[in-house]
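# Structural features, examined
Read off the chains here:
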Amino acid sequence: MLAARQILRSTPSFVRHFTPTAEHEALKDNLCKLIAKELNPHCEKWEAEKAFPAHEVFKLLGDNGFLGISKPEEYGGLGLDYSYEIMAAEAFATLNSGGVGMAIGVQCDMATPALSKFGSHHVKENFLKPTIAGDYVSCLGVSEVGSGSDVASIRSKAVVDGNEWVINGGKMWTTNGVQADWMCMLVNTNNNPNPHKSKSLICVPMKTKGVSVHRSIDKMGMHSSDTAEITMENVRVPLDNIIGEEGKGFQYQMNQFQNERIYAAAGSITVMDRCIQETIEYCAQRQAFGKSILDNQYVHFRLAELQTEVECLRALLYQCLDHYLLGEDVTPQATMLKLKSARLIREVSDSCLQFWGGMGFTNDVAISRIFRDTRLFSIGGGADEVMLGIICKFMGTFPGSRG
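Residues numbered from 1 in each chain as written. Predicted model: local features only at pLDDT ≥ 70, side-chain atom pairs only at ≥ 80, totals over all residues. Heavy atoms only, no water.

## So, helix 8 (residues 121–133)
Short version of the rule: For a residue, the bend is simply the angle between two axes, fitted respectively to the seven-residue segment ending there and the seven-residue segment starting there. For the purposes of this entry, the term helix denotes a DSSP run of H or I that reaches at least four residues, the term strand denotes a run of E that reaches at least two, and both are numbered from the N terminus. Only protein chains enter the accessibility calculation, which uses a 1.4 Å probe; a residue is then buried when its area is under 20% of its type maximum, exposed when over 50%, and partly exposed in between.
Taking the largest bend as the criterion, helix 8 deviates by roughly 30°, centred on phenylalanine 127, and proline proline 130 comes between one and four positions later. Of all the positions in helix 8, only Val123, Lys124, Phe127, Leu128, Pro130, Thr131 and Ile132 are classed as buried. Glycine 134, located one to two residues past helix 8, shows a positive phi value of around 85°.

## Considering the pairing of strand 5 (residues 199–205)
Looking down a regular strand, the side chains alternate between one sheet face and the other. The condition that has to hold: By this definition, two strands are paired if DSSP reports at least two bridges between them.
Counting buried positions over the seven residues of strand 5 gives six, a clear majority of the element. In this sheet, strand 5 lies alongside strand 4 (residues 182–188) in antiparallel orientation, the contact comprising seven bridges. Among the inter-strand pairings, methionine 185 is bridged to a residue of strand 5, identified as isoleucine 202. Two strands pair when backbone bridges link them, and strand 5 and strand 8 (residues 242–243) are joined in this way by two bridges, in the antiparallel orientation. The residue of strand 8 that forms the bridge with leucine 201 is isoleucine 243.

## What about the pattern of salt bridges?
Here is the rule: The salt bridge criterion pairs a side-chain nitrogen of Lys or Arg with a carboxyl oxygen of Asp or Glu, the two atoms within 4 Å.
Taken as a whole and judged by the stated rule, the model has 25 salt bridges. With a closest N to O distance of 3.3 Å, arginine 343 and aspartate 384 form a salt bridge. Pair noted here: arginine 343 is in helix 11 (residues 331–355) and aspartate 384 is in helix 13 (residues 384–395), with a separation of 41 residues, a long-range link. Its relative accessible area of 40% is what places arginine 343 among the partly exposed residues. On the accessibility criterion, aspartate 384 (3% relative accessible area) is buried.

## Digging into the state of the cysteines
The criterion, for reference: Our working definition of a disulfide is a cysteine sulfur pair at a distance within 2.5 Å.
Here the structure, examined in full by the defined rule, presents zero disulfides. Here cysteine 283 stays unpaired: no disulfide links it, and the sulfur of cysteine 352, its closest cysteine neighbor, is 8.1 Å away.

## Topic: the packing of aromatic side chains
This is how it is decided: A pair of aromatic rings is counted whenever rings of Phe, Tyr or Trp (Trp by its six-membered ring) have centres within 6.5 Å, and the orientation is called stacked for planes under 30 degrees apart, edge-to-face for over 60 and tilted otherwise.
The tally for this structure, following the rule as stated, stands at eight aromatic pairs. An aromatic cluster is defined as three or more aromatic residues linked by ring pairs; in this entry it consists of Trp46, Phe52 and Phe58.

## Quick word on the packing of helix 11 against helix 13
Helix packing for two helices is described by the angle between their axes and how far apart those axes are. Counted only if it meets this: For helices, the axis comes from a line fit to the C-alpha atoms of the stretch in contact; other axes are also lines fit to C-alpha atoms, and the angle between any two N-to-C directions lies between 0 and 180 degrees. A crossing counts as left-handed when the near helix is turned anticlockwise from the far one by less than a right angle, and as right-handed when that turn is clockwise. Two residues qualify as a contact provided that any one of their heavy atoms is within 4.5 Å of a heavy atom in the partner residue. By the convention adopted, Pro, Cys, Tyr, Trp, Phe, Met, Ile, Leu, Val and Ala count as nonpolar, Lys, Arg, Asp and Glu as charged, and the other residues, Gly among them, as polar.
For the pair helix 11 and helix 13, the least separation of the axes is 9 Å and the interaxial angle reads 145°. Two packed elements cross with a definite hand, and for helix 11 against helix 13 that hand is left-handed. When helix 11 is examined against helix 13, the residues Thr331, Pro332, Thr335, Met336, Lys338, Leu339, Ala342, Arg343 and Arg346 are found in contact with a partner set consisting of Asp384, Met387, Leu388, Ile390, Ile391 and Phe394. Looking at the contact of helix 11 with helix 13, its residues break down into nine nonpolar, two polar and four charged.

## What about the environment of valine 57?
Along the chain, valine 57 turns up in helix 4 (residues 54–63). Each C-alpha atom, one on valine 57 and one on valine 100, is 9.1 Å from the other, the two residues being 43 residues apart in sequence. If we ignore the near neighbours within four places in the chain, the residues touching valine 57 are Leu39, Trp46 and Phe52.

## Here's the deal with the side chain of glutamate 47
Threshold: Polar contacts here mean pairs of N or O atoms no more than 3.5 Å apart (in protein, one a potential hydrogen donor and the other a potential acceptor; neighbouring residues in sequence count only if both atoms are side-chain atoms).
Among the structural elements, glutamate 47 can be located in helix 3 (residues 43–49). In this structure glutamate 47 comes out as buried when scored by relative accessible area, which is 6%. At a separation of 3.3 Å, a polar atom in the side chain of glutamate 47 contacts the side chain of serine 224. Each residue touching glutamate 47, except ones within four places of it in the same chain, is listed here: Ser97, His223, Ser224, Arg369 and Arg372.

## Brief notes about the packing of helix 11 against helix 12 (residues 366–373)
Basically, it comes down to this: When an angle is under 35 degrees it counts as roughly parallel; over 145 it counts as roughly antiparallel; between 65 and 115 it counts as roughly perpendicular; any other value is oblique.
Where helix 11 meets helix 12, the axes come as close as 9 Å, and the angle between the chain directions of the two elements is 150°. Classed by the angle they form, the pair helix 11 and helix 12 counts as roughly antiparallel. The crossing of helix 11 and helix 12 is left-handed. Facing Ser349, Asp350, Cys352 and Leu353 of helix 11, the residues of helix 12 in contact are Ile367, Ser368, Ile370 and Phe371. Partitioned by chemical class, the residues of the contact of helix 11 with helix 12 number five nonpolar, two polar and one charged.

## Some words on helix 12
Extensive coverage of helix 12 is indicated by the burial of six of its eight residues. Of all the positions in helix 12, only Ile367, Ser368, Arg369, Ile370, Arg372 and Asp373 are classed as buried. Packed against the buried residues of helix 12 are helix 3, helix 6 (98–109), helix 9 (249–285) and helix 11.

## Topic: the nonpolar core
To be explicit about the condition: Residues enter a nonpolar core if they are buried and are Ala, Val, Leu, Ile, Met, Phe, Trp, Tyr or Cys, with the set joined through side-chain atoms within 4.5 Å.
Ranked by size, the top nonpolar core spans 86 residues in total, and within it Leu61, Phe92, Ile104, Ile167 and Ile262 carry the most contacts. When sequence neighbours within four positions are dropped, the list of residues in contact with phenylalanine 92 reads Leu31, Ile35, Leu61, Phe66, Ile104 and Tyr263. Counting residues in each nonpolar core, the second largest holds 24 residues, with Ala111, Phe127, Ile243 and Phe250 among its members.

Honestly, it's all geometry; don't read function into it.
Have a look at this one:
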């Protein structure tokens, strides 16, 4: 009971229960129609080519107002609250290519939240505004070789030389890195022994001298999304390209992770709904031993179990969204969302694929791609084990956290 109170200690006495309004549904419906008409017809080609035209796709989305839904109107955003961003996440999950959806997520909710919240007018005008418009493709530079989920251990460094930062280091697993125009880069900018106070976020134009895309990584899934290893050697950018205050980059990045985890969970729920529904439809028409596969008690019971788990996750998502909209720190809830959604989507895609039989092992059906793509969810953006450690710290059960 004490641990539960520790996690929920910031819960207000009155909690709203988010329910999508007609306005939410209208935004989601319009985006789904745009995806169905303009993007999904090309997804098979992009998957086969292991790349999609990010500038072309992002410009289409930017022209229709879908890259800055919760960003300030002053910089081209719609100025809506974050609940509308979640509706967009659900819509983007209807893309027939997980890699395209992931790339859009980086643009909207991984590389730009800190810039929007803490950036100066200069960096917002030069980086946020063209990103919202779809003129720029953005990427996030956090992970490094040897520093994945352990963000505090990154080694890339920026030092002051006159009116410029001089950056040396490299970034790994960089989504959009091959096509990006700029990077929101986490680097060490001072020698503070506390690694949580030694880092800053800096906007780095990718065409700057010294920036090199070392390689495009061949991945098991998310084929249409480019993932790069990037090196930086004596890269010079203006001092005013920093986001917010020097030394607060780690805190800003932890704040960005809240957005990323809520957004990703919303999309994963839509994908799981699709997995279950398409499996129901397939099993209903597929015959074996004189009856449909769906008529087997194990099959329809298992699908009922999975849908129940998805509905519980949806409730946690909307509860977390309620707290977020109230301006609260939702780190524990967002971390639980990340952990549960990543594990559940693996369970759902695996169970559903089994019911497709041999067809599930082909590339002719969506379930096999979903199975392959969503394996990333328990690794990227913080591995399951790291999420468990964060939750344990809030519960007071992590070694060294007990008072």
